[in-house]
Amino acid sequence: MAKRRTRKIVQVISAVLYNANVGGFASGTLYRGATKNVCVPGLNCYSCPGAVAACPLGSLQVALGTFPKAFPLYVVGFLLLFGALFGRLICSFACPFGLIQELLYRIPTRKLRKNKLTRALSALKYVILGVFVIALPIYYLIVNGVVSPAFCKFVCPAGTLEGAFPLMIADHSLFDMAGLLFIWKVFVLVAVVVSSVFVYRSFCRFICPLGAIYSFFNRVAIFGIRVDEKKCTHCNRCVRACKMDVKKVNDRECIRCGECRDVCPTGALDSRLPKLKGKGIEK
Amino acid sequence: MIRGSTQLGSGPSVILFQTYLQACVIMHAATIDETEAQMRRLTGVGIALLGIAFILLGVALVQYRGVFFKAIMICFECIGIG
């Protein structure tokens, strides 16, 4: 329980740090400090008036505007670094939108448990990554000469919640400019919010391309859940207790929340770094 | 310190041989057990270092300006207007 509280505290601190420009909410203006040169690890719209840094997903789409003349080393470097250090641990500890979904899931209703369908649907985020984050921005670049962040434009509910609403509340003229696209985005946001009440982290599991990117690093990430094969009896309580669509601990759907640790009867799961002992590595 | 070591003698060759034995034991103890998990961690370290190198190269090529200028302007696509 203490570790669950710690995770919640880290999530809240991350959300506050990402959006520390509190004055921006009142004035309706964006932060323009030097930290906007840097990407945060989690999904946080840089059009949020409180945002003090850049969204890695939005930045990646924009950076593709230089492709193929120049490879987007800077943004890809951030994704490689965050992914290799943490993998999808970022989803469970350092993503404000993940926190929002978890809070919504706490609303007491009947819940839709994971099943074969949800496991199959978890592949959808890779399609969204390929189509909306990579292919469409490049397509717009070829056709229009200017890159357009297609995921941000057509899908991302974080942009609507964190960017559109605070800006429109502060500046009503933006609301007058809204049209069909805004209605669509609100629809997507409402769908994600409602589904998050019944389905654990529905956006993270089925839609989020950033989670899809970090999932590629789960097996090699330095920080994560460690399985002590000597203690593990393969009872699968960890998999059954996990609310994500994992087949085993640390696979690409694992967000390293650590809830599996609490149910393991033999203490085979640990979230520490491996130590170098006198003889070999203690896993 | 190596447990169970014994003094076999005091001649130079014996001392050298003992030193050699002690070095072998230390090397064996310090050898990284190259399990699959360790190889994965090392791969992660390599990718992290590659990421840092990419970031530094990106800074040298001033690619961060693209990120900055996008992040300080209201993204009308993101908020559903553009």
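Below is a summary of the structure that appears in this document. The model shown is predicted, which means the values in this text are computed figures rather than measured ones. (Residues numbered from 1 in each chain as written. Chains lettered and ligands numbered in written order. Predicted model: local features only at pLDDT ≥ 70, side-chain atom pairs only at ≥ 80, totals over all residues. Heavy atoms only, no water.)

1. Observations regarding the interface of chain A and chain B
Which entries qualify depends on this criterion: The criterion used for residue contact is that any of the two residues' heavy atoms lie within 4.5 Å. Each of two parts loses accessible area, computed with a 1.4 Å probe, when they are put together; buried area is these two losses added. By definition, a salt bridge exists where a carboxyl oxygen of Asp or Glu is found within 4 Å of a side-chain nitrogen of Lys or Arg. By the criterion applied in these results, polar contacts are pairs of N or O atoms within 3.5 Å in which, for protein atoms, one can donate a hydrogen and the other can accept it, and in which residues neighboring in sequence qualify only through two side-chain atoms. Only DSSP runs of H or I covering at least 4 residues are called helices, and only runs of E covering at least 2 are called strands; the numbering of each starts at the N terminus. Any residue outside Ala, Val, Leu, Ile, Met, Phe, Trp, Tyr, Cys, Pro, Asp, Glu, Lys and Arg is labelled polar, Gly included; the first ten of those are nonpolar and the last four are charged.
Across the boundary between the two partners, chain A contributes 53 residues, which contact 43 residues of chain B. Roughly 3,900 Å² of surface becomes buried between chain A and chain B when both sides are summed, with 71% attributable to carbon and sulfur atoms. At the boundary of chain A with chain B, the tally comes to one salt bridge. Connecting chain A to chain B are 10 residue pairs in polar contact (both at pLDDT 80 or more). Here the side of chain A that touches chain B takes nine residues from helix 4 (residues 73-86) of chain A, the largest share from any one element. Looking at side-chain class alone, the side of chain A that touches chain B contains 33 nonpolar, 11 polar and nine charged residues.

2. Quick look at the pattern of salt bridges
Worth spelling out the cut-off: Each residue is assigned to one of three classes by its accessible area relative to the maximum for its type, calculated with a 1.4 Å probe on protein chains only: buried under 20%, partly exposed between the two thresholds, exposed over 50%.
Summed over the entire model, instances satisfying the criterion amount to 13 salt bridges over all chains. Residue Arg4(A) pairs with Asp262(A) through a salt bridge whose shortest N-O separation is 3.3 Å. Here Asp262(A) lies in helix 16 (residues 259-263) and Arg4(A) lies in helix 1 (residues 2-18), a separation of 258 residues in the sequence. When its relative accessible area of 41% is taken as the criterion, Asp262(A) is described as partly exposed. Linking Arg40(B) and Glu36(B) is a salt bridge whose minimum nitrogen-to-oxygen distance equals 2.8 Å. With Arg40(B) and Glu36(B) both in helix 2 (residues 36-60) and four residues apart, the pair spans about one turn of that helix. The class of Arg40(B) is buried, set by a relative accessible area of 18%. A relative accessible area of 55% places Glu36(B) in the exposed class. Salt bridges sharing common partners tie together Arg7(A), Lys8(A), Glu102(A) and Arg201(A).

3. Focus: the nonpolar core
Note on soluble globular proteins: their nonpolar side chains tend to be buried together. Residues and elements named next belong to chain A. Convention followed: Residues enter a nonpolar core if they are buried and are Ala, Val, Leu, Ile, Met, Phe, Trp, Tyr or Cys, with the set joined through side-chain atoms within 4.5 Å.
Residues Leu-43, Tyr-46, Leu-57, Phe-151, Phe-203 and Ile-207 are the most contacted members of the largest nonpolar core, which totals 56 residues. In terms of residue count, helix 4 provides more of this core than any other element does, 10 residues in total. Beyond its immediate chain neighbours, meaning those up to four positions away, Ile-207 contacts Lys-125, Ile-128, Phe-151, Val-155, Val-192 and Ser-202. The next biggest cluster of nonpolar side chains, apart from the first, holds 17 residues, and it includes Tyr-200, Val-239, Cys-242 and Cys-260.

4. Here we look at empty space enclosed by the protein
In this approach a probe as big as a water molecule rolls over the atoms, and the regions it shows empty are the leftover space. All names here are of chain A. Definition in use: Buriedness for pockets is judged along seven lines, at least five of which must meet protein on both sides within 12 Å for an open set on the 1 Å grid over protein atoms alone, while cavities are sets there where a 1.4 Å probe fits but cannot get out, and lining residues have an atom within 4 Å of a point. Grid points are joined across faces, edges and corners, and a volume is the space filled by probe spheres set on the points.
Counted according to the given criterion, the structure contains four cavities of 30 Å³ or more. Put simply, the largest cavity is a space of about 110 Å³. Along the walls of the largest cavity sit 17 residues, with Cys-242, Val-246, Cys-254, Cys-257 and Cys-260 positioned nearest its centre. Of all elements in the fold, only helix 15 (237-241) and helix 16 reach the threshold of two or more residues within the lining of the largest cavity. Broken down by class, the residue content of the lining of the largest cavity amounts to 12 nonpolar, two polar and three charged. By volume, the second largest cavity amounts to about 80 Å³. Looking at the lining of the second largest cavity, the elements that each hand over two or more residues are helix 5 (89-93), helix 6 (96-105), helix 13 (202-206) and helix 14 (209-215). Of the residues that constitute the lining of the second largest cavity, the class distribution is nine nonpolar, four polar and one charged.

Functional significance is not addressed by these values, which are geometric in nature.
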